[in-house]
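Residue-level structural notes
The chain contents come next:
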Amino acid sequence: KPHSPYNGVMLLKFYRSAATGAWAIHNMMGLAHLSGKDEVKKEIQSRVADIFPWLRKKAQRLIADVPELCANLSSKSMPKLKPFFEANELGNNISGLKLEKFTEILFKQILKQPHLSAIADSAEESGHTVALLHELFAQID
């Protein structure tokens, strides 16, 4: 618990999509499409932890590890990144992206995901995400 009083407001709208039947939680920060009670519970805990950081479990992260990072880079967004990776081609010699540019491109793409936009608001989450991107780069390289 914090030592000083803390006031906060969290406005959430829960509803089930008529088209898909999936649950959705809409708040001021973004929209989350969810398919079951467990996902709803996890999303609420995540949103509350963003507002009240002392409620966050020690190891709870928006992106836990490299496989989850890769899963969050959607198949729709990956083709949009292709030009960045091909921009360094020189004839048959492909130099590839440097670590800094790789991190910048993928970090910006991750922040475009509505459920991950809170990463930008937290230096701790941003640092963790950059560390995961560096780990991913090392695995690819």
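Below: a short report on this structure.

Cut-offs used in this document
- For every chain, the first residue of the written sequence is number 1, and numbering continues from 1 along that sequence.
- Two thresholds apply to this predicted model, a pLDDT of at least 70 for residue-level local features and 80 or more for giving and counting side-chain atom pairs, whereas whole-chain, interface and lining totals are computed over all residues.
- The basis for every side-chain value is the complete set of heavy atoms in the structure, and neither hydrogens nor water enter the calculation.
- Any Lys or Arg side-chain nitrogen located within 4 Å of an Asp or Glu carboxyl oxygen qualifies as a salt bridge.
- Counting from the N terminus, the helices are DSSP H or I runs at least four residues long and the strands are E runs at least two residues long.
- Think of it in three bands: residues with accessible area under 20% of the maximum for their type are buried, residues over 50% are exposed, and the middle band is partly exposed, with areas taken using a 1.4 Å probe on protein chains only.
- Residues adjacent in sequence count toward polar contacts only when both atoms are side-chain atoms; beyond that, a polar contact is any pair of N or O atoms within 3.5 Å, and within protein one must be able to donate a hydrogen and the other to accept it.
- The term nonpolar core refers to a set of buried residues drawn from Ala, Val, Leu, Ile, Met, Phe, Trp, Tyr and Cys, joined through side-chain atoms within 4.5 Å.
- In what follows, residue pairs with any heavy atoms lying within 4.5 Å of each other are defined as contacts.
- For helices, the fitted line uses only the C-alpha atoms of the stretch in contact; every axis is such a line through C-alpha atoms, and the angle between N-to-C directions lies from 0 to 180 degrees.
- Geometric relationships in this document are graded by angle, where less than 35 degrees denotes roughly parallel, more than 145 denotes roughly antiparallel, 65 to 115 denotes roughly perpendicular, and other angles denote oblique.
- Less than a right angle of anticlockwise turn of the near helix away from the far helix marks a crossing as left-handed, whereas a clockwise turn marks it as right-handed.
- Charged residues are taken to be Asp, Glu, Lys and Arg, nonpolar residues to be Ala, Val, Leu, Ile, Met, Phe, Trp, Tyr, Cys and Pro, and polar residues to be all remaining types, Gly included.

**With respect to the pattern of salt bridges**
- The full count for this structure, using the stated rule, is four salt bridges.
- The salt bridge involving Arg61 is made with Glu124; its shortest N-O contact spans 3.1 Å. Of this pair, Arg61 sits in the loop between helix H1 (37–51) and helix H2 (66–72) while Glu124 sits in helix H5 (residues 123–140), placing them 63 residues apart in sequence.
- Look at Glu124 and you get exposed, because its relative accessible area is 52%.
- Measuring nitrogen to oxygen at the nearest pair gives 3.0 Å for the salt bridge that ties Glu104 to Lys108. Separated by four residues within a single helix, Glu104 and Lys108 lie in helix H4 (residues 99–111), roughly one turn from each other.
- Classification of Lys108 by relative accessible area gives partly exposed; the value is 48%.
- Where salt bridges share partners, they join Arg61, Glu124 and Glu125 into one cluster.

**Remarks on the environment of Asp65**
- Within the secondary structure layout, Asp65 lies in the loop between H1 and H2.
- Taking the C-alpha atoms as reference, Asp65 lies 9.6 Å from Leu136; in sequence the two are 71 residues apart.
- Within polar-contact distance, the side chain of Asp65 engages the backbone nitrogen of Glu68 at 3.0 Å.

**Observations concerning the nonpolar core**
- Judged by nonpolar contacts, the single largest core of 19 residues is most densely connected at Ile63, Leu69, Leu106, Ile110 and Ile119.
- Of all the elements, H4 adds the most residues to this core, at five residues.
- Once you skip the residues sitting within four places of it in the chain, Ile63 turns out to touch Glu68, Leu69, Asn72, Ile110, Leu116, Ile119, Glu125, His128, Thr129 and Leu132.

**Some remarks on the packing of helix H3 (residues 78–86) against H4**
- Relative to each other, H3 and H4 sit at 165°, their axes nearing to 11 Å. The orientation of H3 with respect to H4, classified from their angle, is roughly antiparallel. Where H3 crosses over H4, the handedness of that crossing is right-handed. On the side of H3, the interface is formed by Leu81, Phe84 and Phe85, while H4 contributes Phe102, Ile105, Leu106 and Gln109.
- Looking at the contact of H3 with H4, its residues break down into six nonpolar, one polar and no charged.

In short, the description is geometric, and any link to function would need to be established separately.
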